[in-house]
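This is what each chain is made of:
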Amino acid sequence: ETASIPPGPSMLASRPDIIDRNGELLATDIRTVSMFAEPIKVVDADDAVEKLASIFPDLDRRSTYQKLTNKRSHFAWLRRQLSPKQQSEVLKLGIPAIGFRPEVKRFYPGGPTAAHVLGYVDIDNHGVTGMEKYLDQQGLSDLASAGLTGVNTLEPVKLSIDLRAQNVVHDVVVDALTRYESKAAGAVILDIHTGEGLAMAS
């Protein structure tokens, strides 16, 4: 049953892919799941905590126990964005009152190469800085809250950045920072005809 799960945005609300000027992928959504509990249905909280700790060594046992024993609660997050293997292991434990909710996780194939341009999202897939925040400010958050950002509904956002040039500039700036023992370093490549930023690193 999912009746006790808090209402809200579409469970699978998506963000558009972000690509460079040549179509190379800079940011995309990955389907994942998050684990929750329905405390009012928990039979043995101590047993549940011990079993979960066997899969998640860093589990905060006290906090988890408190969540599972709150009989006034119908819903409590236990762990966000699990891997398929972790989900499978939890399912094998057969703990009553534990469920999974589909979610999305933002993935950046290029790692930190264009991180300051792209920005990042929080655990709930909301833009915090950079292009990710800009997208939300352009109405993406409103679409998501209305449940209108499902799979394959959003066109990719193309940046003027050229990932090939971006990789080179990033490496040069990192090298200069190390070589000259600098406190900071930065570089930008602009198309002098259009003013477009082809690469920028700081």
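Presented here is an overview of the structure given in this document. (Residues numbered from 1 in each chain as written. Predicted model: local features only at pLDDT ≥ 70, side-chain atom pairs only at ≥ 80, totals over all residues. Heavy atoms only, no water.)

### Topic: the pattern of salt bridges
Okay, step 1: One pass over the full model with this rule turns up 13 salt bridges.
Okay, step 2: The salt bridge involving D136 is made with R15; its shortest N-O contact spans 3.0 Å. In this pair, D136 sits in helix α5 (residues 130-145) while R15 sits in the segment before β1 (18-19), placing the two residues 121 residues apart along the sequence. Summarising the burial analysis for this pair, D136 and R15 share the class buried.
Okay, step 3: Its salt-bridge partner being E132, residue R106 comes within 2.8 Å of it at the nearest N-O pair. (Salt bridge = Lys/Arg side-chain N within 4 Å of Asp/Glu carboxyl O. Helix = DSSP H or I, 4+ residues; strand = E, 2+ residues; numbered from the N terminus. Buried < 20%, exposed > 50% of the residue type's maximum accessible area, 1.4 Å probe, protein only.)

### What to know about the packing of aromatic side chains
Okay, step 1: Following the criterion strictly, the structure yields two aromatic pairs and no others.
Okay, step 2: Taking 5.1 Å as the distance between ring centres and 25° as the angle between the ring planes, the aromatic pair formed by F36 and F75 counts as stacked. Highlighted residues: F36 in strand β2 (residues 25-37) and F75 in the loop between α2 (61-68) and β3 (76-82), separated in sequence by 39 residues. Like F36, the residue F75 is buried in the burial classification.
Okay, step 3: With a centroid separation of 5.0 Å and an interplanar angle of 80°, the aromatic rings of F75 and W77 are classed as edge-to-face.
Okay, step 4: For F75, a relative accessible area of 16% puts it in the buried group.
Okay, step 5: Under the relative-accessibility criterion, W77 is labelled partly exposed at 24%.
Okay, step 6: Three or more aromatic residues link up through ring pairs in this structure, and these residues are F36, F75 and W77.
Okay, step 7: The ring centre of W77 lies 4.3 Å from the NZ or CZ of R80, which sits over that ring. (Phe/Tyr/Trp six-rings, centres within 6.5 Å; stacked < 30°, edge-to-face > 60°. Lys NZ or Arg CZ within 6 Å of the ring centre and 35° of its normal.)

### Points about the nonpolar core
Okay, step 1: M35, L52, F56, L68, L78, V90 and I98 are the most contacted members of the largest nonpolar core, which has 20 residues in total.
Okay, step 2: Going through the elements one at a time, β2, α1 (45-55), β3 and β4 (98-107) are the ones with two or more residues in this core.
Okay, step 3: For this core, the leading source of residues is α1, giving six residues.
Okay, step 4: Dropping the residues within four chain positions of it, V90 is found in contact with M35, L52, I55, F56, I98 and F100.
Okay, step 5: In this structure, I18, Y108, L118 and L163 belong to the second largest nonpolar core, which totals 14 residues. (Core = buried A, V, L, I, M, F, W, Y, C linked by side-chain atoms within 4.5 Å. Contact = heavy atoms within 4.5 Å.)

### Focus on the packing of α1 against helix α3 (residues 84-93)
Okay, step 1: Interhelical geometry of α1 versus α3 gives an angle of 150° and a closest axis separation of 10 Å. Here α1 lies roughly antiparallel to α3, going by the angle between them. In this structure, α1 meets α3 at a crossing whose hand is right-handed. Of the residues in α3, those in contact with K51, L52 and I55 of α1 are E89, V90 and L93.
Okay, step 2: Grouping the amino acids of the contact of α1 with α3 by side-chain chemistry returns four nonpolar, no polar and two charged. (Axes fitted to C-alpha atoms, helices over the stretch in contact; angles between N-to-C directions. Parallel < 35°, antiparallel > 145°, perpendicular 65-115°, else oblique. Left-handed = near helix turned anticlockwise from the far one by under 90°. Nonpolar A, V, L, I, M, F, W, Y, C, P; charged D, E, K, R; others polar.)

### Points about the packing of α1 against α2
The relative placement of two packed helices comes down to the angle between their axes together with the axis-to-axis distance.
Okay, step 1: Where α1 contacts α2, the axes come no closer than 9 Å and their chain directions differ by 140°. The angle between α1 and α2 falls in the class oblique. At the point where α1 passes α2, the crossing takes the right-handed sense. The segment α1 lies against α2, with A45, D46, A48, V49, E50, L52 and A53 engaging R61, T64, Y65 and L68.

### Some points on the environment of S54
Okay, step 1: Counting through the fold element by element, S54 comes out in helix α1.
Okay, step 2: Put simply, S54 and E89 are 35 residues apart on the chain and 9.8 Å apart in space, counted from C-alpha to C-alpha.
Okay, step 3: Among the polar contacts listed, one links the side chain of S54 to the backbone oxygen of K51, at a separation of 2.4 Å. (Polar contact = N/O pair within 3.5 Å; in protein donor to acceptor, adjacent residues only side chain to side chain.)

### Quick notes on unusual backbone geometry
Okay, step 1: Non-glycine residue A97 carries a positive phi angle of around 75°.
Okay, step 2: Locating A97 in the fold gives a position in the loop between α3 and β4.
Okay, step 3: According to the relative accessible area criterion, A97 is buried, its value standing at 16%.
Okay, step 4: In this model, N125 sits at a positive phi of 70°, which is unusual for a non-glycine residue.
Okay, step 5: Locating N125 in the fold gives a position in the loop between β5 (120-121) and β6 (127-129).
Okay, step 6: Judged by its relative accessible area of 9%, N125 is buried.

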